[in-house]
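# Coordinate inspection notes
The chain contents come next:
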There are 4 protein chains.
Amino acid sequence: MFFASDNGGPAHPQILQAVMQANDGYRSGYGADAEMDRVRDQIRDLFEAPDAAVYLVPTGTVANVLTLATLCQPWQSIFCSPVAHIEEDECNAPEFYTGGAKLALVGEGDKMTPEALRSAILAKGGSVHNAQRGPVSITQVTELGRIYSVDEIEALCSVAKEFDLPVHLDGARFANALVQLNCSPAEMTWKAGVDAVSFGGTKNGCMGVEAVIFFDPKHAWEFELRRKRAGHLFSKHRYLSAQMLGYLQDGLWLQTARQANENCARLTTGMRALTGVDFIAEPQANMIFAKMPRALHQRLFDAGAYYYILSGTLEGNDPEEPLLGRFVCDWSIGADGVDQFLAAAQD
Amino acid sequence: MFFASDNGGPAHPQILQAVMQANDGYRSGYGADAEMDRVRDQIRDLFEAPDAAVYLVPTGTVANVLTLATLCQPWQSIFCSPVAHIEEDECNAPEFYTGGAKLALVGEGDKMTPEALRSAILAKGGSVHNAQRGPVSITQVTELGRIYSVDEIEALCSVAKEFDLPVHLDGARFANALVQLNCSPAEMTWKAGVDAVSFGGTKNGCMGVEAVIFFDPKHAWEFELRRKRAGHLFSKHRYLSAQMLGYLQDGLWLQTARQANENCARLTTGMRALTGVDFIAEPQANMIFAKMPRALHQRLFDAGAYYYILSGTLEGNDPEEPLLGRFVCDWSIGADGVDQFLAAAQD
Amino acid sequence: MFFASDNGGPAHPQILQAVMQANDGYRSGYGADAEMDRVRDQIRDLFEAPDAAVYLVPTGTVANVLTLATLCQPWQSIFCSPVAHIEEDECNAPEFYTGGAKLALVGEGDKMTPEALRSAILAKGGSVHNAQRGPVSITQVTELGRIYSVDEIEALCSVAKEFDLPVHLDGARFANALVQLNCSPAEMTWKAGVDAVSFGGTKNGCMGVEAVIFFDPKHAWEFELRRKRAGHLFSKHRYLSAQMLGYLQDGLWLQTARQANENCARLTTGMRALTGVDFIAEPQANMIFAKMPRALHQRLFDAGAYYYILSGTLEGNDPEEPLLGRFVCDWSIGADGVDQFLAAAQD
Amino acid sequence: MFFASDNGGPAHPQILQAVMQANDGYRSGYGADAEMDRVRDQIRDLFEAPDAAVYLVPTGTVANVLTLATLCQPWQSIFCSPVAHIEEDECNAPEFYTGGAKLALVGEGDKMTPEALRSAILAKGGSVHNAQRGPVSITQVTELGRIYSVDEIEALCSVAKEFDLPVHLDGARFANALVQLNCSPAEMTWKAGVDAVSFGGTKNGCMGVEAVIFFDPKHAWEFELRRKRAGHLFSKHRYLSAQMLGYLQDGLWLQTARQANENCARLTTGMRALTGVDFIAEPQANMIFAKMPRALHQRLFDAGAYYYILSGTLEGNDPEEPLLGRFVCDWSIGADGVDQFLAAAQD
């Protein structure tokens, strides 16, 4: 009953098998492996972007910050939601990698609106004294488990383009959003105005690999230098490539995302039937944020459930006091895992 | 006949097996996996350092620069050989991670001497105008394939200690040196005065993992923050831990290093017998730097050998002109691979 | 009728005279001038802080950011008001100088409250993923022309101390606050819990000089290195020292601040009598922020007044629409200047 | 008898007078003062560069490093002499301002040769692993008091242009070189291939001001942002402008440089006549580097001379041992000062 994160479960066997297959013979290092050539071709095909620059890195944090650093000058602002991963969970990595850019928080909550974005952009720049205007970073799936529609992404990109600002999409859960929107990768990204994507693999069945995609290849060489300088260029790069090959093979990446989302939908339905559960955001992908009475949390923890309580603590006196829990469905949970959890909740 | 690098061969099967074994069930992320607890214990035992702070990162570059950044202020100098990896092969990663420290090059060639080190240290500091004195970084095995004796390491550390400067050991090929010196890890490091070590796995049979060891744990929390901020803290950290467990199990790390060194010794003996081969440094580990006539290089390349020519090019007219080649023996080469190469050379 | 800024007026003659006096004979450079010895002594006396480390720099921005960089690690947050100069007017200088620290905005408006500060501090730190907790920066006079009482400063410092965080006071208008509070420099700073001060001279009659004061001298050498590395260590340092000597001599710094505040009080009284003037913050020092009808602004501009309109523009149709103006009284304005402005307003 | 530095003497009265004249009435801040308009026009005229971007900053260090940062990416190398001020005397300011670029030292001694420069450039770049090639920085007058001829500057620029690299001229002693070469500012800079200049004022009679000139104005806005972010944009900018106006007025800058050089020539002639004086570089501007017997140094110090001994110390037993002294002639020394020194030497 592990619902703490989608980084807690095992890698999908197909990923490990791809790694095993690549573990044969000799390769040129540092991204010049034959596996990477195939990755590049497949991702370009997938995104209908034959000129895209495609790179692999091991973590979501570095995918985000290396990409943003390539799009951003040190004296600029990055526009993002106040709960964005780059703002809350990366220990100043964006500031470090950009050489001191500022994060400008747009509106409130997990989803930026075009109005709030325009207002935040207008508040920057104007003179040499201010942080200048820089890239916009959209998180898809959001940190509260919601999904921007293609129209919503287009609207945000449209505001960015008014000011000639580039757009980054933090797609740590890219697949979880895509299968829900039922659109193509191109539609969710460059056709909507996105310039660069962090295309997540780690949270969706890989061991540790994310692709970075620039639709305009002019950024390629600078990104390569930044990656090297960051110590993120793998000498035995084939093991990153192989993971991505396994991930893309036969649509595994869509399949694991669907599993995770379906588990989450099953869990949502079950939790909705419980007394005292209050969803603070409508679950749309593989994450649930819900307030539940302390007594219910206690019952679940006693039964061995593992997840995070984000506000308040179990150690309180009032069994009815609502505490906010986060429940993340890994691809590997399965209907059984969900049902076991729901059974424990109903005891 | 791949002698281009020790990052070109396959990972040892035992490493992959360890990864497979770890791919089961759920784990806390970000280094809180049970596998990491075992890694920490084993490395502390190995180094006879029960209080050491032990971390895993994916590349040698980041092992070096995160460690140095923790030991160095931005206004200081890092003392290293002019051919050190941190100077020549990391695209300003040390300058990036330290926030602008300077590399001060000590003497000439791959091995620092105590005299040259003292002289370089004395040339820094003294007033607010100068780069201040910072850590000393020793590369073991050196970039020319030579090995510092324990006495030589002690002598360098002793100079550093005169000035109260910390010492880092870049041990990308730690095992290759250790098996040759026939000493203990403790003797080659903290007993000789070393404060922090990059303990390499990648070049010696792993897919991509290096340990960082601080013998004084006061650096622990700062290192953890620096690692996170650099995007080098793996969410599914168990896959780094598992590699290191496989590497340490049953002395695999010593066995692969011995194989690589033995291959190299066999290759050295064979090359010494060839006409016109001139070793620019005495091979002591798994790397050979030798000048050979262009015609000999041509014969080897024609036969399918793969390695780097560091000075000059094959495209020249004089078949007798000596060109400098670098020949690196991966653990996986085997006596057969060496003999095949030597046979091609003798044709 | 110049009310645009307190950096627009001339330097006080006494400052220039002090510079002239110092322009004689030879001096050691880089802060080793005899004038600096006197500055240090006088500031230590003034602040009743015999061990304080005292430095001079040429601008308010660098006084703030060098001081904060000395108190802050790159992975920390600086807590400040959302309208703080360091947030809004320094083009990411704090992020640059700290190596990538984040500014965490406390509450809303120009004055931080202890509750909002505690809440902001609690929202940071906690795990390696988050920006860690760093220094608190208080602006005295605030960016809206208000003044923290000594009790209010004590209360903020007390919250900072709960979390063992250092406190910086941005005193670009230190004197303007001090003369109003009628307390001693020590009472407004270290006795209330402040650790380091930017003690402004430029806005109060100097050409360009600010003192930085650390009450704990342990920061001295690091600050000196940071200042040098920033290109802010003046070779002909005597000209900074001389300005500060002139500024401190015979209480000039208090006199010019009183003049500026009195001008402002006179202007406030006059504006209060006008129809349609709405102060958005109660003027307490030398700055007024007030909404006035467009027609009134127009009349003033037509009469030659010079100041900034912060919201809206003169080019509008509605003569009654209120536009926000900022009116800053330089020490040099004089009652005549104020009266001339008020006369123009009443036409 | 002050020969320690050209930052030890008084500012020229004409500089202070210009400051006094500017101390009247109100000005827009931050470089929008009317005085700056005149400075810009005059410098463009002087350099025959009507489109040049012209800025003022207070110190030579920041003139150099802000300019280089504008011309350099963090992953590049700056090519300079091993004794360049940016390498030896700026406490890692270039590394700080560039965000981690490396200084690549060209040849040996104070003057770079085209051959050594080409060789140093060829040693960088080539792959993603290496520091990339960046700007070339030429110091005119060199740190040993020698002067590059226009032909020598052209030859260095020509090598830089082969590799499409920009060229910076550190002209802390620009005037001292110019009056000696008897050429125009344009001939010594952009006509020879220089892209950006630090045009020194501080060492030649000002209180603290240097101009930065980019002959291609495309760098203008980036430089302005970098200057602001560094805390080097003066609010009361008129006092920088006024110094520069005074400096340029009636050729004062050439006159003070000629005085300094003539003093130095007189001192050189006198020292050449002394027994045991060995010039380690031929003095060509206003600095002398000479070895002299300890006894002679002692006699001079006893007589009240003040200058630096760069190798060895007065506290030694051998009166004949040669110690290296540096003797810098400030514009203000005068023939009398020189003669007094020489008389003391001959006692």
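Residues numbered from 1 in each chain as written. Chains lettered and ligands numbered in written order. Predicted model: local features only at pLDDT ≥ 70, side-chain atom pairs only at ≥ 80, totals over all residues. Heavy atoms only, no water.

The criterion, for reference: UniProt positions are given in the numbering used here, feature names are shortened, and annotations may be inferred rather than shown by experiment.
The name that an unreviewed UniProt entry assigns to chain A is Low specificity L-threonine aldolase, with the source organism given as Thalassovita gelatinovora. As recorded by UniProt, the Cofactor (unreviewed entry) comment attached to chain A reads in full: "pyridoxal 5'-phosphate". Word for word, the UniProt comment on chain A under Subunit (unreviewed entry) is "Homotetramer."

## Notes on the interface of chain C and chain B
Cut-off, in case you're wondering: Whether two residues are in contact is decided by their heavy atoms, any of which lying within 4.5 Å being enough. By buried area we mean how much accessible surface two parts lose on assembly, using a 1.4 Å probe and totalling the loss over both. We count a salt bridge whenever a side-chain nitrogen from Lys or Arg sits within 4 Å of a carboxyl oxygen from Asp or Glu. N or O atoms within 3.5 Å of each other form a polar contact, as long as, within protein, one can give a hydrogen and the other can take it, and as long as residues adjacent in sequence are counted only when both atoms are side-chain atoms. Under the scheme used here, helices are H or I runs from DSSP no shorter than 4 residues and strands are E runs no shorter than 2 residues, and both carry numbers assigned from the N terminus. The residue classification treats Ala, Val, Leu, Ile, Met, Phe, Trp, Tyr, Cys and Pro as nonpolar and Asp, Glu, Lys and Arg as charged. All others, Gly included, are polar.
Across the boundary between the two partners, chain C contributes 16 residues, which contact 16 residues of chain B. Taking both sides of the interface into account, the surface hidden between chain C and chain B amounts to around 1500 Å²; carbon and sulfur atoms contribute 73%. The tally of links between chain C and chain B comes to 0 salt bridges. Linking chain C to chain B there are 4 residue pairs in polar contact (both at pLDDT 80 or more). Top contributing element to the side of chain C that touches chain B by residue count: helix H10 (residues 220–229) of chain C, with 7 residues. Of the residues contributing to the side of chain C that touches chain B, the split by class is 7 nonpolar, 4 polar and 5 charged.

## Some thoughts on the side chain of aspartate 6 of chain C
With respect to the helices and strands, aspartate 6 of chain C occurs in the segment before helix H1 (13–22). Engagement of the side chain of aspartate 6 of chain C in a polar contact is seen with the side chain of arginine 173 of chain C, the distance being 2.7 Å. A distance of 3.0 Å separates the side chain of aspartate 6 of chain C from the side chain of asparagine 286 of chain C, its partner in a polar contact. For aspartate 6 of chain C, the residues in contact, after removing those within four places along its chain, are Arg173, Thr202, Lys203, Asn286, Val328 and Asp330 of chain C together with Lys236 of chain D.

## Some points on the relation of the copies chain C and chain B
Our working rule: For this overlay, a least-squares fit was computed on C-alpha atoms, restricted to residues scoring pLDDT of at least 70 in both copies.
Between the two copies, chain C and chain B, the superposition gives an RMSD of 0.0 Å; the rotation angle is 180° and the shift along the axis is 0.0 Å. The superposition operator between the copies reduces to a two-fold rotation axis. Distance from the rotation axis, computed per C-alpha, reaches its smallest value in chain C at glycine 99 of chain C: 3.3 Å. Both copies share a contact surface, since 100% of the interface residues of chain C are interface residues in chain B too.

## Remarks on the sheet that holds strand E11 (residues 322–328) of chain B
Residue and element names in this part refer to chain B. Here is the rule we go by: Two strands form a pair only when DSSP identifies at least two bridges running between them.
One open sheet holds the 4 strands; their spatial order is E8-E9-E11-E10, and the pairing between them is antiparallel. Of all the strands in the sheet, the pair left with one neighbour each is strand E8 (278–279) and strand E10 (308–311). Judged from the 7 bridges that link them, strand E9 (residues 287–293) and E11 form a sheet pairing that is antiparallel. When the sheet's bridge partners are listed, phenylalanine 289 is paired in E11 with arginine 326.

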